[in-house]
Amino acid sequence: MFGYINADLRQLSDEDRKTYQSFYCGLCRQLGKKASFKGQMLLNYDLCFLSILLQSLYEPELDCNDFHCLIHPLKTKHGFTSKAIEYAADMDIILSYHSLMDNFKDDHSKISGMAANLLKKDYDRIKVNYPRQTAAIESYIAKLYVAEAKKETNIDVVSSYTGEMLGELFNWQDDTWSKTLHCMGYYMGKFIYIIDAYDDLKKDEKTGSYNPLLPLKKESPKEFETFVRINLTSLMAECAKSFERLPIVENAEILRNIIYSGVWTRYEYLQLKEKKKDNTPKENR
């Protein structure tokens with residue numbers, strides 16, 4: 001799981017902030033219903049965005065419930081429930097299962113292996129209902145294994161695997177809007193892959209782990225930052241173009257906040273962190 005598609009809460013109105021939180025809490029509660037407390041541990045901003053997007057486009061019946069949660073037992077929480085949120089919870093679970101299995105195979109993490117085993121029954125149940133989406137994730141994982149094995153350096157090729165997978169997950173009902181949703185998910189998926197690789201650069205450089213951005217950085221260190229920024233900007237511009245084709249009115253400002261601002265918060269944090277490091281006197285490092 002990635003978690004880069006979050007809202008920029010500083011720029012949301014109080015009302016929109018409450019609405020966003022109700023989607024987030026609703027998704028968390030739905031994960032609990034589908035996979036108990038272990039499911040709630042999988043809560044992810046990317047899937048919260050998907051729940052808001054699909055709810056706002058298809059407008060299935062939306063209920064709001066008050067409840068107390070284990071993490072904040074003294075506060076009354078408000079969470080939405082709908083078919084769109086249920087779908088996002090199912091996608092969260094099947095994505096998380098494969099992510100945990102990937103960690104288990106790559107890093108031999110016993111914790112990830114145990115967590116995946118705990119999710120297996122829930123995964124198998126959901127897989128029956130969503131064979132197309134599950135097949136897309138399995139294909140994505142297989143292609144990534146091949147790319148890593150041969151140390152593929154073409155970032156456009158590797159990022160397209162995440163794009164294709166997310167495009168299939170965005171396409172909920174395979175209908176009139178499927179092409180636009182797939183296109184939106186495709187470009188957002190490519191953005192997620194590249195910013196995740198950018199986020200992991202220093203760690204992967206130290207450990208020698210596969211990262212298709214490393215050869216580019218070594219080849220052209222001066223142009224590297226510009227290359228990353230231009231690519232991320234163009235990908236989100238295409239994603240935004242697809243979004244603006246959708247007839248969304250409800251929650252449109254929240255979705256625009258995420259697409260035009262929220263997705264950049266991690267990148268801006270990394271840039272700020274690097275600037276502070278560069279400005280720190282050598283004797284204080």
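Rules and cut-offs
- Residues numbered from 1 in each chain as written.
- Predicted model: local features only at pLDDT ≥ 70, side-chain atom pairs only at ≥ 80, totals over all residues.
- Heavy atoms only, no water.
- Helix = DSSP H or I, 4+ residues; strand = E, 2+ residues; numbered from the N terminus.
- Buried < 20%, exposed > 50% of the residue type's maximum accessible area, 1.4 Å probe, protein only.
- Contact = heavy atoms within 4.5 Å.
- Areas by Shrake-Rupley, 256 points an atom, 1.4 Å probe, with all protein chains shown as cover.
- Lys, Arg positive; Asp, Glu negative; His and termini not counted.
- Charge placed at Lys NZ, Arg CZ, Asp CG, Glu CD.
- Salt bridge = Lys/Arg side-chain N within 4 Å of Asp/Glu carboxyl O.
- pLDDT = per-residue confidence, 0-100.
- Axes fitted to C-alpha atoms, helices over the stretch in contact; angles between N-to-C directions.
- Parallel < 35°, antiparallel > 145°, perpendicular 65-115°, else oblique.
- Left-handed = near helix turned anticlockwise from the far one by under 90°.
- Nonpolar A, V, L, I, M, F, W, Y, C, P; charged D, E, K, R; others polar.

Right, let's talk about the overall build of the chain for a bit. From N to C terminus, the chain includes twelve helices and two strands. Seen in sequence order, the chain has helices and strands lined up from the N terminus as α-α-β-β-α-α-α-α-α-α-α-α-α-α. Relative to its 285 residues, the chain shows a buried fraction of 49%. Long-range pairs, those at least 24 residues apart, make up 69% of the contacts in the chain between residues at least 6 apart in sequence. When the accessible surface of the chain is split by element, carbon and sulfur atoms take 53% of a total near 15000 Å². Separation between the mean location of the 39 positive side-chain charges and that of the 41 negative ones in the chain comes to 5 Å.

Taken as a whole and judged by the stated rule, the model has 14 salt bridges. Notably, a salt bridge pairs lysine 34 with aspartate 90, separated by 3.1 Å at the nearest N-O pair. In this pair, lysine 34 is assigned in helix H1 (residues 14-40) and aspartate 90 in helix H3 (residues 83-107), connecting sequence segments 56 residues apart. Both residues of the pair, lysine 34 and aspartate 90, count as buried.

Okay, the confidence of the model for the chain next. Residues at a pLDDT of 70 or more form 94% of the chain, whose mean pLDDT is 90. The spread of mean pLDDT over the elements of the chain runs between helix H12 (residues 265-279), the lowest at 80, and helix H11 (residues 252-260), the highest at 98.

As a further point, take the packing of helix H10 (residues 221-245) against H11. Where H10 contacts H11, the axes come no closer than 10 Å and their chain directions differ by 165°. Between H10 and H11, the angle is such that the two are roughly antiparallel. Crossing angle aside, the handedness with which H10 passes H11 is right-handed. Here Met236, Ala240, Phe243 and Glu244 of H10 lie close against H11, whose contacting residues are Ala252, Leu255, Arg256, Ile259 and Tyr260. Its residues placed into classes, the contact of H10 with H11 shows seven nonpolar, no polar and two charged.

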